Amino acid sequence: MYIMKILALIPARYGSSRFPGKPLALVHGKPMIQRVYEQTVKAFPNACVATDDQRIYDAVTAFGGKAVMTSTSHNSGTDRCYEALCNYEKESGETFDVVINVQGDEPYIRPEQLMQLGQCFEDPSVELATLVKRVKDKEELFNPNSPKVILNKKNDAIYFSRTPIPFSRDVDVTEQYVKETPFYRHIGLYGYRAATLAAICALPQSFLEKTASILLNIFYYQLKSLLYIFDFRQFENISCLDF
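Here is a short report on the structure shown in this document.

What counts, and where the lines are drawn
- Residues numbered from 1 in each chain as written.
- Predicted model: local features only at pLDDT ≥ 70, side-chain atom pairs only at ≥ 80, totals over all residues.
- Heavy atoms only, no water.
- Axes fitted to C-alpha atoms, helices over the stretch in contact; angles between N-to-C directions.
- Helix = DSSP H or I, 4+ residues; strand = E, 2+ residues; numbered from the N terminus.
- Parallel < 35°, antiparallel > 145°, perpendicular 65-115°, else oblique.
- Left-handed = near helix turned anticlockwise from the far one by under 90°.
- Contact = heavy atoms within 4.5 Å.
- Buried < 20%, exposed > 50% of the residue type's maximum accessible area, 1.4 Å probe, protein only.
- Pairing = 2+ DSSP bridges.
- Phe/Tyr/Trp six-rings, centres within 6.5 Å; stacked < 30°, edge-to-face > 60°.
- Lys NZ or Arg CZ within 6 Å of the ring centre and 35° of its normal.
- Nonpolar A, V, L, I, M, F, W, Y, C, P; charged D, E, K, R; others polar.

All right, on to the packing of helix 1 (residues 32–43) against helix 4 (residues 111–119) then. Contact geometry of helix 1 with helix 4 gives a least axis separation of 8 Å together with a crossing angle of 50 degrees. By the criterion of interaxial angle, the relationship of helix 1 to helix 4 is oblique. At the point where helix 1 passes helix 4, the crossing takes the right-handed sense. Contact with helix 1, carried on its side by Gln-39, Thr-40, Lys-42 and Ala-43, involves Pro-111, Leu-114 and Met-115 of helix 4 and no other residues of that element.

Put into structure tokens, the structure is as follows:
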């Protein structure tokens with residue numbers, strides 16, 4: 001029986017407008033990128049940090065992790081992941097069926113969440129998958145750093161937005177209303193079949209994606225819909241100095 005090969009890639013940039021040097025910030029005594037890496041390898045033994053910065057590369061190899069250098073000119077973490085996949089396959093001599101894109105600012109990510117995402121690809125019709133969770137309060141709903149998503153009845157994504165979607169017309173958006181209404185936010189984890197990742201990165205960056213800085217090319221070019229898994233447990237990432 002064929003065993004699907006999964007590579008987990010962790011894009012990590014040093015230059016961040018909100019938090020420069022974030023991957024190397026210490027979280028309980030360890031660099032954040034190390035915390036993410038250690039959680040990731042519990043789910044997928046093949047894991048690698050994709051970075052454009054020598055300081056991050058050196059930090060990862062210093063704790064025994066795997067890393068590949070990528071270009072500094074990528075428009076998104078998705079593009080960085082594709083280059084990293086190509087570089088890693090070339091260096092290792094292996095080929096992979098699926099790539100899991102793990103955000104480098106999620107030191108508390110749970111391995112079971114990653115494994116849930118990987119299991120989506122046991123269905124041969126799934127080309128791209130991600131996780132969402134229920135919006136918990138009004139602050140989260142209106143936070144532009146927390147992209148929202150709307151789904152159809154099959155749990156395929158219809159659209160992402162940094163603003164609240166769907167728009168609540170003629171409604172007072174109270175905390176109680178948010179708790180009772182199925183608003184969802186995107187967690188930022190993506191899984192791709194390797195061929196699908198290559199196809200996405202071959203497309204010109206659309207106006208939608210440039211404007212919102214979210215992976216919107218999949219909607220603009222009408223690529224196959226995403227399959228979403230729901231995770232209603234608490235999930236944290238770090239977007240600024242808040243710990």
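We now examine the pairing of strand 10 (residues 184–193). With respect to burial, strand 10 is a largely interior element, ten of its ten residues being buried. By the bridge criterion, four bridges tie strand 6 (residues 98–101) to strand 10 in an arrangement that is antiparallel. Among the inter-strand pairings, Val-98 is bridged to a residue of strand 10, identified as Arg-193. Relative to strand 10, strand 7 (residues 128–134) runs antiparallel, the two sharing six bridges. Note that in strand 10 the partner of Lys-133 across the bridge is Arg-185. Note that strand 8 (residues 148–151) and strand 10 share two bridges and pair antiparallel. Within strand 10, the position partnered with Lys-148 by the bridge is Arg-185.

Attention now moves to the packing of aromatic side chains. Tallying each qualifying case throughout the model produces four aromatic pairs. Residues Tyr-37 and Phe-63 carry aromatic rings whose centres are separated by 5.5 Å and whose planes lie at 65 degrees to one another, so their mutual orientation is edge-to-face. Of this pair, Tyr-37 sits in helix 1 while Phe-63 sits in the loop between helix 2 (54–62) and strand 5 (67–69), and the two are 26 residues apart along the sequence. Look at Phe-63 and you get partly exposed, because its relative accessible area is 22%. In this structure, Lys-5 is placed above the aromatic ring of Phe-96, and the distance from its NZ or CZ to the ring centre is 5.1 Å. Geometry around Tyr-14 places Arg-55 over its ring, the cationic atom sitting 3.6 Å from the centre.

Moving on to the pairing of strand 4 (residues 47–51). With five of its five residues buried, strand 4 lies for the most part within the structure. Here strand 4 shows two buried faces, one formed by Ala-47, Val-49 and Thr-51 and the other by Cys-48 and Ala-50. Of the strand pairs in this sheet, strand 1 (residues 6–12) and strand 4 are connected by five bridges, and their pairing is parallel. Looking at the pairing, Ala-8 lines up with Ala-47 of strand 4. Here strand 4 pairs with strand 5 via three bridges, running parallel. Of the residues in strand 5, the one forming a bridge with Thr-51 is Met-69.

Next up on the list: the packing of helix 3 (residues 77–92) against helix 7 (residues 194–202). Packed helices, taken two at a time, are described by the angle between their axes plus the distance between the axes. The contact between helix 3 and helix 7 brings their axes to 10 Å, and the two run at 125 degrees. Between helix 3 and helix 7, the crossing angle belongs to the class labelled oblique. Here helix 3 and helix 7 pass one another in a crossing that is left-handed. From helix 3, Thr-78, Asp-79, Cys-81, Tyr-82 and Leu-85 reach across to helix 7, where they touch Ala-194, Leu-197, Ala-198, Ile-200 and Cys-201. When grouped by side-chain class, the residues that make up the contact of helix 3 with helix 7 number eight nonpolar, one polar and one charged.

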